[in-house]
Amino acid sequence: MNNVTPELLIQIIEAALMVAGRPLTVANLQKLFEESEQPETHAIRTALATLQEKYGDSGIELREVASGFQFQARIALSTWVSRLWEERAPRYSRAFLETLALIAYRQPITRAEVEEIRGVSASSHHFKTLMEREWIRVIGYRDVPGKPALYGTTKNFLDYFNLKSLEQLPTLSELKDFASQEAKLQVQLELTSQDTEIVTENLSELATAND
């Protein structure tokens, strides 16, 4: 790494993550350096681990999400931090959140399948909003007459909800434990297979905290 010591590497990565305004991957961080002094992947990851430990007991944390690493305020502090903004983050309707949850948990899924599970027509506005926010995308087409679009979630969805991968979505049994947690997006889901299974959810101001 030439003149880039481990201590300097940590400082450079820390500063870059602070000012980037978006998640940065290991590859993004390597590109901060001239080719002749680019750190090895393991050196970048060691520096990131050091930073995660450094901020372990502070009001901010270094999190790895789907698109890379980013600094953020701890969700537990969102009640106070959110007062920096006069306008409240949008409150999403139950129908909107049910649609998003079904896509997240049942993907790939068609609009007709969402309607069948919920028992009501799916709002075009909800799908449009989810597409505009880049939380969902068309990932294929069902091989049936009409070739309906199949929807799935995106990296933006994972980033927004502080998830590294879909495997980090809580299981339906774990959802029951979220009711007492702060800063989670209030959701009431209806997920059915053959019988109707209602899962009442607090997934609350995670969205609010991130806006």
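Residues numbered from 1 in each chain as written. Predicted model: local features only at pLDDT ≥ 70, side-chain atom pairs only at ≥ 80, totals over all residues. Heavy atoms only, no water.

A. The overall build of the protein chain, seen in detail. The helix and strand inventory of the protein chain stands at 10 helices and six strands. Within the span of the protein chain, comprising 211 residues, buried residues form 41% of the whole. On the protein chain, roughly 12,300 Å² of surface is accessible, and the fraction owed to carbon and sulfur atoms is 49%. (Helix = DSSP H or I, 4+ residues; strand = E, 2+ residues; numbered from the N terminus. Buried < 20%, exposed > 50% of the residue type's maximum accessible area, 1.4 Å probe, protein only. Areas by Shrake-Rupley, 256 points an atom, 1.4 Å probe, with all protein chains shown as cover.)

B. Main features of the pattern of salt bridges. Inspection of the entire model under this criterion finds nine salt bridges. Of the charged contacts, one joins Asp143 and Lys147 as a salt bridge, the two residues approaching to 2.7 Å between their closest N and O atoms. Each of Glu61, Arg63 and Arg74 takes part in salt bridges that share partners, so that together they form one network. (Salt bridge = Lys/Arg side-chain N within 4 Å of Asp/Glu carboxyl O.)

C. Quick peek at the nonpolar core. Formed by 24 residues in total, the largest nonpolar core has its most connected members in Ile103, Trp135 and Phe157. Listing elements by their share of this core, those giving two or more residues are helix H5 (94–106), helix H6 (111–118), helix H7 (124–132), strand S4 (149–153) and helix H8 (155–160). When residues no more than four places from it in sequence are discounted, the contact partners of Trp135 are Tyr92, Phe96, Leu100, Leu130, Gly152, Thr153, Thr154, Asn156, Phe157, Tyr160 and Phe161. Counting 18 residues, the second-largest nonpolar core is a separate cluster that includes Leu9, Ile13, Ala16 and Leu29. (Core = buried A, V, L, I, M, F, W, Y, C linked by side-chain atoms within 4.5 Å. Contact = heavy atoms within 4.5 Å.)

D. Inspection of the side chain of Gln30 at higher detail. Tracing the sequence through the fold places Gln30 in helix H2 (residues 26–30). Sequence-distant contacts of Gln30, that is, excluding residues within four places in its chain, are made with Gln38, Pro39, Glu40, Thr41 and Ile44.

E. Region of the structure containing the packing of helix H1 (residues 6–20) against helix H3 (residues 41–54). The N-to-C vectors of H1 and H3 enclose an angle of 70 degrees; their axes lie 9 Å apart at closest approach. Between H1 and H3, the interaxial angle falls into the category roughly perpendicular. The segment H1 lies against H3, with Leu9, Ile10, Ile13, Glu14 and Leu17 engaging Ala43, Ile44, Ala47, Leu48, Thr50, Leu51 and Lys54. Classifying every residue of the contact of H1 with H3 gives nine nonpolar, one polar and two charged. (Axes fitted to C-alpha atoms, helices over the stretch in contact; angles between N-to-C directions. Parallel < 35°, antiparallel > 145°, perpendicular 65-115°, else oblique. Nonpolar A, V, L, I, M, F, W, Y, C, P; charged D, E, K, R; others polar.)

F. Fine view of H7. All buried positions along H7 are accounted for by His126, Phe127, Thr129 and Leu130. Projected down its long axis, H7 carries its buried residues within an arc of 160 degrees, all on one side. Those residues of H7 that are exposed and aimed more than 90 degrees away from the buried face are His125, Lys128 and Glu132. Next to the buried residues of H7 lie H5, H6, strand S3 (136–141) and S4. The N-cap of H7, judged by a side-chain oxygen 3.1 Å from the amide nitrogen of His125 a few residues on, is Ser123. Positive backbone phi, at 60 degrees, marks Glu134, one or two positions downstream of H7. (Arc of directions from axis to C-beta. Polar contact = N/O pair within 3.5 Å; in protein donor to acceptor, adjacent residues only side chain to side chain.)

G. Highlighting the packing of aromatic side chains. In this structure the tally under the stated criterion is six aromatic pairs. Between Tyr55 and Phe71, the ring centres sit 4.9 Å apart and the planes meet at 65 degrees, which makes this aromatic pair edge-to-face. Here Tyr55 is found in the loop between H3 and strand S1 (60–65), whereas its partner Phe71 is found in strand S2 (residues 68–73), with 16 residues between them in sequence. There is no split in this pair, since Tyr55 and Phe71 are both buried. Geometrically, the ring pair formed by Trp135 and Tyr160 is tilted, given 4.8 Å between the ring centres and 45 degrees between the ring planes. Linking Trp135 in the loop between H7 and S3 with Tyr160 in helix H8, this pair joins segments that are 25 residues apart in sequence. Side by side, Trp135 and Tyr160 carry an identical accessibility label, which is buried. Through pairs of rings, three or more aromatic residues link up here, namely Trp135, Phe157, Tyr160 and Phe161. (Phe/Tyr/Trp six-rings, centres within 6.5 Å; stacked < 30°, edge-to-face > 60°.)

Nothing here speaks to function; it is all geometry.
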